Structures are given as structure tokens and as C-alpha cells.
Amino acid sequence: MKKLIVLFAGLLFASLATAHGFQAGDIEIGHPHARAMVPGAKVGGGYLKLTNKGSTDDRLIGMASDRAKSAEVHQMSVSNGVMTMRPVAGGLAIPAGQTVELKPGGYHIMFMDVSQPFKEGEKIKATLTFEKAGKVDVEFAVGSAGGANAGAKDAHSDMDGADMSKPQ
């Protein structure tokens, strides 16, 4: 029984040590992460969960990182076999009492003109700006290039020379 308690405590500690989250006002930011980039790549994707614990809607209106010239929320979609990726105009709505997940194949943060490709194991510092909750510094944990959702195409690995400065 003692071994079982020690094992359970160890697993609980390990899960708390690997999880990372941040808070800005009523917005909980869960597990910001990014995929490792290939050498020479200039764009990368960031993913996280935004949970609005408040009673009023909020909006993610900006972000910045010292590792990228710019960063924006983009939405990827596929229609009739054609993939499109566009910036989200006016910011990303986070309705009161709801969670919005930024993940491969949907909404995500696009880091553009990256100064050094993200490497597995490092953390990328960024600042998120919310319309009501204000600014919060976060760190994106960089995982493998395949990531946990390796089957979900995020298109960033194919965009080495892409010009994302204007909508497609």
C-alpha cells in the first residue's frame, strides 16, 4: 500500500511539473506549445487553450515575441480540398464561460519571420494581449516537429518561404 501511495504521489507531481498555464484577468491560458521547426524555416505555429472564467466576453487582440518579427492569430480551413490560412480580423473572440482551443488545423498563432527556428525542448517567450484582461507573458514549450497531433496537418512545415504578410 505504501508503494502505491508513493507511486501515485510521484505521478501527481510529474503531471503538475509538466503542465504549465498562465492567467490574465478572467482568462486562463492552458499549455502554450509550439512545434520544432526545420532549419531555415521562417514561420511557425503556436497552440494553446483559452478559457474565459468571467461573465463577459473577451478577445485576444495581439501578441508579440522576441523570436518573431510579428505574430497573429490565423485560421486554417480546408474547403473542396483547398487549404486556406487567413489572419483573424479584429482578434479572436473568447466568449464568457467558454474555452477556445488553438490547435493544428484550426485557429493557431502564426509566428512570422522567425529569427531562429524553434528547437525541441526550448521555451519561446511571448506576450498575449487581451481586450479586457490586458497583457500577460507566457512561454510556449517547444515539442517535436510531429508533436502530439502529428496526424493533424498544420501546414507550417511546408511554408519555408511563404509570404504571410497579406491574406491569401
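Scroll up for the structure.
This one's a predicted model, so the numbers in the text were calculated from it and none came from an experiment.

A. Spotlight on the side chain of D58. The residue D58 is located in strand β4 (residues 58-65) in this model. It turns out D58 is buried and unbridged, and the closest side chain with the opposite charge, K132, is 5.9 Å from it. For D58, the side chain forms a polar contact with the main-chain nitrogen of K132, separated by 2.8 Å. Excluding anything up to four places from it in sequence, D58 contacts I27, N52, L92, A93, I94, F130, E131, K132 and A133.

B. Layout of the nonpolar core. Of all hydrophobic cores here, the largest spans 30 residues; its most connected members are I29, L50, L60, I109, L128, F130 and F140. Leaving out residues up to four positions away in the same chain, I29 has contacts with H20, G21, F22, Q23, A24, L48, K49, L50, L128, F130, V136 and V138. Listed in part, the 5 residues of the second largest apolar core include V43, M76, M85 and M112.

C. Broad picture of the packing of aromatic side chains. Evaluation of the coordinates by the stated rule reveals 2 aromatic pairs. A ring pair is formed by F111 and F118, whose centres lie 5.4 Å apart and whose planes are at 80°; its orientation type is edge-to-face. Here the two residues F111 and F118 agree in accessibility, since each one is buried. An aromatic cluster is present here, built from F111, F118 and F140 joined pairwise through their rings.

D. Layout of the pattern of salt bridges. Tallied over the full model, the rule gives 2 salt bridges. Notably, a salt bridge pairs R67 with E122, separated by 3.1 Å at the nearest N-O pair. Of this pair, R67 sits in the loop between β4 and β5 (68-79) while E122 sits in the loop between β9 (107-114) and β10 (123-130), and the two are 55 residues apart along the sequence. Exposure remark for R67: the relative accessible area of 12% places this residue in the buried category. Overall, E122 belongs to the partly exposed group, its relative accessible area being 24%. Between D113 and K69 there is a salt bridge whose closest N-O contact spans 3.4 Å. Placement of the pair is D113 in strand β9 and K69 in strand β5, with a sequence separation of 44 residues.

E. Quick look at the environment of L128. By secondary structure assignment, the location of L128 is in strand β10. Residues L128 and A24, spaced 104 residues apart in sequence, show a C-alpha to C-alpha distance of 9.0 Å. Residues contacting L128, with those up to four places away along its chain left out, are I29, L48, L60, G62, M63, I109, G134, K135, V136 and V138.

F. Just unusual backbone geometry, in detail. Positive phi, normally seen in glycine, also occurs at N80, with a value near 55°. Secondary-structure assignment places N80 in the loop between β5 and β6 (82-87). For N80, a relative accessible area of 80% puts it in the exposed group. The residue D113 is not glycine, and still its phi comes out positive at about 55°.

Definitions and limits used
- Residues numbered from 1 in each chain as written.
- Predicted model: local features only at pLDDT ≥ 70, side-chain atom pairs only at ≥ 80, totals over all residues.
- Heavy atoms only, no water.
- Helix = DSSP H or I, 4+ residues; strand = E, 2+ residues; numbered from the N terminus.
- Buried < 20%, exposed > 50% of the residue type's maximum accessible area, 1.4 Å probe, protein only.
- Lys, Arg positive; Asp, Glu negative; His and termini not counted.
- Salt bridge = Lys/Arg side-chain N within 4 Å of Asp/Glu carboxyl O.
- Polar contact = N/O pair within 3.5 Å; in protein donor to acceptor, adjacent residues only side chain to side chain.
- Contact = heavy atoms within 4.5 Å.
- Core = buried A, V, L, I, M, F, W, Y, C linked by side-chain atoms within 4.5 Å.
- Phe/Tyr/Trp six-rings, centres within 6.5 Å; stacked < 30°, edge-to-face > 60°.

Taken by themselves, the reported measurements are silent on function.
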